[in-house]
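What the coordinates show
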Amino acid sequence: MRILFTGGAGKAGHHAVAYLVAQGHRVLNVDKTPLHMEGVDNRIIDVTDAGQVYDVMMSYAAPDELESGEGMPTFDAVVHFAAVPRVMITSDNECFRVNTLGTYNILDAAVKFGIRKVIFASSETTYGICFADGERRPVYLPIDEDHPTEPEDSYAMSKVVNEATALGFQQRSGFDIYGLRINNVIEPDEYKKNFPAYFANPAQRRRNIFAYIDARDLGQMVDCCLKTDGLGYQVFNVSNDDHSVADTSSELIARFYDNVPIKGEIGETETFYSNARAKSLVGFQPKHSWRDVLDDPKSA
């Protein structure tokens, strides 16, 4: 596929782009920063500028596309990751402005140019737990896509707005627009660097619901969505199958989630951030785990 990918130079984006390129897709990275990766073309734009977005949405990716003499090719899909990545980087209102306006511009241009597949990055923060003032506990466990989204910070608010915006564009167009509620993205080198501290103090992971998504598995999820047509509007939790700490589910529930209702059975290493919908509807099967890199201190 010929894919326009926004935000490919970011932490999550560059791993996802690498995965897509390895699957044989052609990727044009649209970002404020170029991604220096073999097989990737780049265009420097500001996604909050509608004119720039419209221009790049209908453009050549690189000079080699001039050779056919058949005119400008169109994109098969858009993957939109470009955003201010969390609160406390810019001012709160700037975070909200960039994330909502950028997403509106991308969706508007994609739909008006007839690009029938758009995948956009939403967030675990939509559930209101990650950046809550003080502790907020889930309404129930495991958290699935039907869990209430009640954010109180500008980043999470922007993601909830983006989901509503995407639904509106999907209803008008009938195109496939899928939102990914991405959990805390972990790069391969972060297992040895960061996870021993999580094992020693699991409370560090409470705001992430003790979950994570390996950056490489995030790339797989994007590819699964590209390959799956006909779902209309969907949102998916994106996480790995296990916790990001060594404590068992029973231990975590007793310490952090006493009296939180439990829906169904949760395995002792199973994530509290359900990825069942992604598995069922697009065939997502995460392949990576911290357990492939580190010994489980509970089993020592």
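The shown structure was predicted, so the numbers you read here are calculated from the model rather than taken from an experiment.

Let's shift gears to the UniProt feature "domain: NAD-dependent epimerase/dehydratase" (unreviewed entry) in the protein. When the UniProt feature table is mapped to this numbering, "domain: NAD-dependent epimerase/dehydratase" (unreviewed entry) covers residues 3-209. With 35% helix and 17% strand, residues 3-209 has end C-alpha atoms that lie 32 Å from one another.

Looking at helix 7 (residues 249-256), one finds that the buried residues are Ser249, Leu252 and Phe256. One side of helix 7 holds all its buried residues, which, seen down the axis, span an arc of 65°. Within helix 7, the exposed residues directed more than 90 degrees away from the buried face are Ala254 and Arg255.

In this section: the nonpolar core. In terms of nonpolar packing, the biggest core is built from 31 residues, with Phe81, Leu180, Leu218 and Met221 touching the most fellow members. Contributions of two or more residues to this core are made by strand 1 (2-6), helix 1 (11-22), strand 4 (77-80), strand 5 (117-123), strand 6 (176-182), helix 6 (215-227), strand 9 (233-238) and helix 8 (276-282). When residues of this core are assigned to their parent elements, the largest contribution, 7 residues, is made by helix 6. In this view, Leu218 contacts Ala12, Phe81, Leu180, Ile182, Val185, Ile213 and Val238; residues no more than four positions away in its chain are not counted.

Along the chain, Leu141 connects to Pro142 via a cis peptide bond; the corresponding omega equals -10°. Along the polypeptide, Pro142 turns up in the loop between strand 5 and helix 4 (154-173). The phi dihedral of Phe210 is positive, around 65°, even though this residue is not glycine. Taking relative accessible area as the criterion, Phe210 reaches 0% and is therefore assigned buried.

So, on to the state of the cysteines. Scanning the model with the defined rule gives 0 disulfides in all. The structure places no disulfide on Cys95, whose sulfur is separated from the nearest cysteine sulfur, that of Cys130, by 12 Å. The buried category is assigned to Cys95, whose relative accessible area is 1%. You can see Cys224 has no disulfide; the closest cysteine sulfur is in Cys225, sitting 6.9 Å from it. The class of Cys224 is buried, set by a relative accessible area of 12%.

Under the defined criterion, the tally for this structure stands at 19 salt bridges. A salt bridge links Glu152 to Arg136; the nearest nitrogen and oxygen atoms lie 2.8 Å apart. Within this pair, whereas Glu152 is found in the loop between strand 5 and helix 4, its partner Arg136 is found in the loop between strand 5 and helix 4, the two being separated by 16 residues in sequence. With relative accessibility at 38%, the residue Glu152 sits in the partly exposed group. Arg291 is the partner of Asp296 in a salt bridge, and the nearest nitrogen-oxygen pair spans 3.0 Å. Assessed through its relative accessible area of 27%, Arg291 is described here as partly exposed. Through salt bridges with shared partners, a single network forms among Arg2, Arg26, Asp41, Asp64 and Glu65.

Here we take up helix 4. Between its first and last C-alpha, helix 4 extends 28 Å over 20 residues, near the 28 Å set by a 1.5 Å rise per residue. Within helix 4, burial applies to Ser154, Tyr155, Ala156, Ser158, Lys159, Asn162, Glu163, Thr165, Ala166, Phe169 and Gln170. Packed against the buried residues of helix 4 are helix 3 (92-112), strand 5, strand 6 and strand 9. The opening residue of helix 4, the one whose side-chain oxygen lies 3.2 Å from the backbone nitrogen of Tyr155, is Asp153.

Quick notes on the rules
Per chain, the residues get numbers from 1 upward, laid out in the order the sequence is written. Per-residue local features of the predicted model are confined to residues with pLDDT of at least 70, and side-chain atom pairs are confined, for both listing and counting, to 80 or more; whole-chain, interface and lining totals are unaffected and use all residues. Processing note: side-chain calculations cover all non-hydrogen atoms of the structure and skip hydrogens and water entirely. UniProt positions are given in the numbering used here, feature names are shortened, and annotations may be inferred rather than shown by experiment. The helix count covers DSSP runs of H or I at least four residues long, the strand count covers runs of E at least two residues long, and both are numbered beginning at the N terminus. The classification of residues rests on relative accessible area computed with a 1.4 Å probe and restricted to protein chains. Under 20% of the type maximum is buried, over 50% is exposed, and intermediate values are partly exposed. The arc refers to the directions leading from the helix axis to the C-beta atoms. Remark: nonpolar core denotes a set of buried residues (Ala, Val, Leu, Ile, Met, Phe, Trp, Tyr, Cys) joined through side-chain atoms within 4.5 Å. Here, two residues are considered to be in contact whenever any of their heavy atoms come within 4.5 Å of each other. Counting rule for disulfides: a pair of cysteine sulfur atoms within 2.5 Å. A carboxyl oxygen of Asp or Glu within 4 Å of a side-chain nitrogen of Lys or Arg is what we treat as a salt bridge. What a helix should span is 1.5 Å times the count of its residues minus one. Pairs of N or O atoms are called polar contacts if they sit within 3.5 Å, as long as, within protein, a hydrogen donor faces a hydrogen acceptor (for residues adjacent in sequence, only side-chain-to-side-chain pairs).

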